[in-house]
Amino acid sequence: MKQKRFFLSEDEIPRRWYNIQADMPNKPLPMLDPVTREPVTVESLSKIFALECCRQELNLTDRWIDIPDEVREMYKYYRSTPLVRAYGLEKALDTPAHIYFKNESVSPVGSHKLNSALAQAWYCKQEGVTNVTTETGAGQWGTALAYSARLFGMDSAVYQVKVSYEQKPYRRNMMQVFGAQVTPSPSMSTRAGKNILTVNPNHQGSLGTAISEAIELALNTPEKCKYTLGSTMSHVSLHQTVIGLEAEKQMEAAGEYPDTIIACFGGGSNFSGIAFPFMRHTILEGKKTEYLAVEPSSCPKLTRGEFRYDFGDEAGYTPLIPMYTLGHKFIPANIHAGGLRYHGAGGVVSQLLKDGYIKGVDIDQLDSFKAGVEFAKAEGIIPAPESCHAIAATVKEALKCRESGESKVILFNLTGHGLMDMSSYDQYLSGNLINIPAGDKEIKKYLEIE
């Protein structure tokens, strides 16, 4: 058997992140201030985010952004993450396709989220911030932020989507081990949470509700507090490009180049991370690669949403973002892939989808878990429910190759492990999970809400 795993030396870990906004033929439309409806500025954004993150967010010209030395040193604790040839899965599927996955599950917190959490926490620390707030769905981002805040001596407050808070107690515990204050959202601790619960006392939460509460807490904390975000915004996607930049070098070492790149999609951070470095070759050189962003059928903003300005949160605290959206008050079904239960896509990803560089794919919950179990049997890794969506799409593409006889090269991002999600697998293996695709009437109702 040929080589299965491909690593990089510490010297080969990227020294710069890739900013795709500099190369996009059509720049994303500007975000708008929620009050004035004028384009946001670094100054207005910095009321919420770390100043350097705001500069990165609005940087449309610099292709490469230096990774701070201190952040890169911390990357060395777990990077490079391995690129793995999935020989076991190829054999199980009897496909001529060559399947590779970038294994981001090996980070200290078990997912790709640490790539941006370390950077955002470091930038906050440079500003003298002592408290950070954030939202989380399944808990991967919340865990990464709690860990990073602790490394830099800051306190953290995490609003976790209520249904995930209840479904995933061990992820909640991980955040608490790292010192975070974890609150189920919506809660009675903020005005946004109270308003939501007044209208719907049984609201099980969404990432939009949790974002509202985390931003409100940051804005109402007198000083030295900033909000941090785990997905959607371009500075988060920027930090995640370390994934794809490494994968480029590793695919070169493997002697291959991907025909298809696949990642699950919530707000877009991990998809952007693995896809954008390769996409620059598509944009600048005409390289023929297909990019598949895989979302749950219960929250299908890419495949069934509308492209328009919308808030990134339920209460309307965030800037208005030009995005594919299901409406900022959309309440996703209580699927176990909590990190994918988000109503909208980031502005950069949305523009690239609009321009035809990206294709959206939706997957039913049962199909995702079926693929996750198949992958675990073949490769020995139990994937997070979010990653199962990418695996399901990979399986479909590999089976197409079996039918056509093509030996395409498929690369997908294994964003995290599922060892904290075994209750989800228990529900699946017991036959207690169902598919909950979003209905047309439901989507229309929320898109009509201003």
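Just above, that's the structure.
Residues numbered from 1 in each chain as written. Predicted model: local features only at pLDDT ≥ 70, side-chain atom pairs only at ≥ 80, totals over all residues. Heavy atoms only, no water.

Caption draft 1: Geometry of the packing of aromatic side chains. In total, this model carries 14 aromatic pairs according to the counting rule given. With a centroid separation of 6.1 Å and an interplanar angle of 65 degrees, the aromatic rings of Phe265 and Phe271 are classed as edge-to-face. In this structure, Phe265 and Phe271 share a single accessibility class: buried. Seen in terms of ring centroids, Phe369 and Tyr428 are 5.5 Å apart; in terms of plane orientation they differ by 20 degrees. Their pairing is stacked. Pair noted here: Phe369 is in helix H16 (residues 365-379) and Tyr428 is in helix H18 (residues 422-429), with a separation of 59 residues, a long-range link. Residue Phe369 is classed as buried on the basis of its relative accessible area of 1%. Taken together, the ring pairs in this structure connect Phe101, Phe375 and Phe412 into an aromatic cluster. Across from the ring centre of Tyr165, 4.1 Å away, lies the NZ or CZ of Arg172, which sits over that ring. One residue, Lys287, lies across the ring of Tyr257, its end atom 4.5 Å from the ring centre. (Phe/Tyr/Trp six-rings, centres within 6.5 Å; stacked < 30°, edge-to-face > 60°. Buried < 20%, exposed > 50% of the residue type's maximum accessible area, 1.4 Å probe, protein only. Helix = DSSP H or I, 4+ residues; strand = E, 2+ residues; numbered from the N terminus. Lys NZ or Arg CZ within 6 Å of the ring centre and 35° of its normal.)

Caption draft 2: The arrangement of the packing of helix H6 (residues 140-151) against helix H8 (residues 169-177) in detail. Contact geometry for H6 and H8: axes closest at 8 Å, N-to-C directions at 15 degrees. Regarding the angle of H6 to H8, the classification is roughly parallel. Once H6 is placed against H8, the crossing between them reads as left-handed. Here Gln140, Gly142, Thr143 and Ala146 of H6 come into contact with H8, specifically with Arg171, Met174 and Met175. Taken together, the residues of the contact of H6 with H8 break down into three nonpolar, three polar and one charged. (Axes fitted to C-alpha atoms, helices over the stretch in contact; angles between N-to-C directions. Parallel < 35°, antiparallel > 145°, perpendicular 65-115°, else oblique. Left-handed = near helix turned anticlockwise from the far one by under 90°. Contact = heavy atoms within 4.5 Å. Nonpolar A, V, L, I, M, F, W, Y, C, P; charged D, E, K, R; others polar.)

Caption draft 3: Expanded view of the sheet that holds strand S15 (residues 409-414). With respect to topology, seven strands assemble into an open sheet ordered S1-S4-S5-S15-S10-S11-S14, the strand pairing being mixed. On the outer flanks of this sheet lie strand S1 (5-6) and strand S14 (359-363), each paired with one strand and no other. Here S1 pairs with strand S4 (residues 83-85) via two bridges, running antiparallel. Within S4, the residue paired with Phe6 across the bridge is Leu83. (Pairing = 2+ DSSP bridges.)

Caption draft 4: Just unusual backbone geometry, in detail. That bond from Arg79 to Ser80 is cis: its omega, 5 degrees, falls within 30 degrees of zero. Within the fold, Ser80 resides in the loop between helix H3 (69-75) and S4. Cis rather than trans, the peptide bond between Ser185 and Pro186 has omega equal to 10 degrees. If you trace the backbone, Pro186 turns up in the loop between strand S8 (181-185) and helix H9 (191-199).

Caption draft 5: Spatial organisation of the sheet that holds strand S7 (residues 155-161). Taking strand neighbours across the sheet as the criterion, the four strands line up as S8-S7-S6-S9 in an open arrangement whose pairing is parallel. In the strand order of this sheet, the two ends are held by S8 and strand S9 (225-227), each with one partner. Averaged over all pairs of adjacent strands, the angle between their axes in this sheet comes to 20 degrees, without regard to strand direction. Two elements, S7 and S8, share five bridges in a ladder whose sense is parallel.

Caption draft 6: Quick look at empty space enclosed by the protein. A full pass over the atoms with the stated rule returns five cavities of 30 Å³ or more. Of the pockets and cavities examined, the largest cavity occupies roughly 310 Å³. Residue lining of the largest cavity: 27 residues in total, with Lys113, Leu207, Gly230, Ser231 and Gly339 positioned closest to the centre. Mapped onto the lining of the largest cavity, the elements with two or more residues apiece are strand S6 (131-136), H6, helix H10 (207-220) and helix H13 (269-285). By residue class, the composition of the lining of the largest cavity is nine nonpolar, 15 polar and three charged. Taken as a whole, the second largest cavity holds about 90 Å³ of empty space. Lining the second largest cavity, in full, are Phe49, Ile211, Ile215, Tyr227, Leu229, Thr232, Met233, Gly312, Thr318, Pro319, Ile321 and Tyr342. (1 Å grid on protein atoms, 1.4 Å probe; cavity = no way out; pocket = protein on both sides within 12 Å on 5 of 7 lines; lining within 4 Å. Points joined across faces, edges and corners; volume = space filled by probe spheres on them.)

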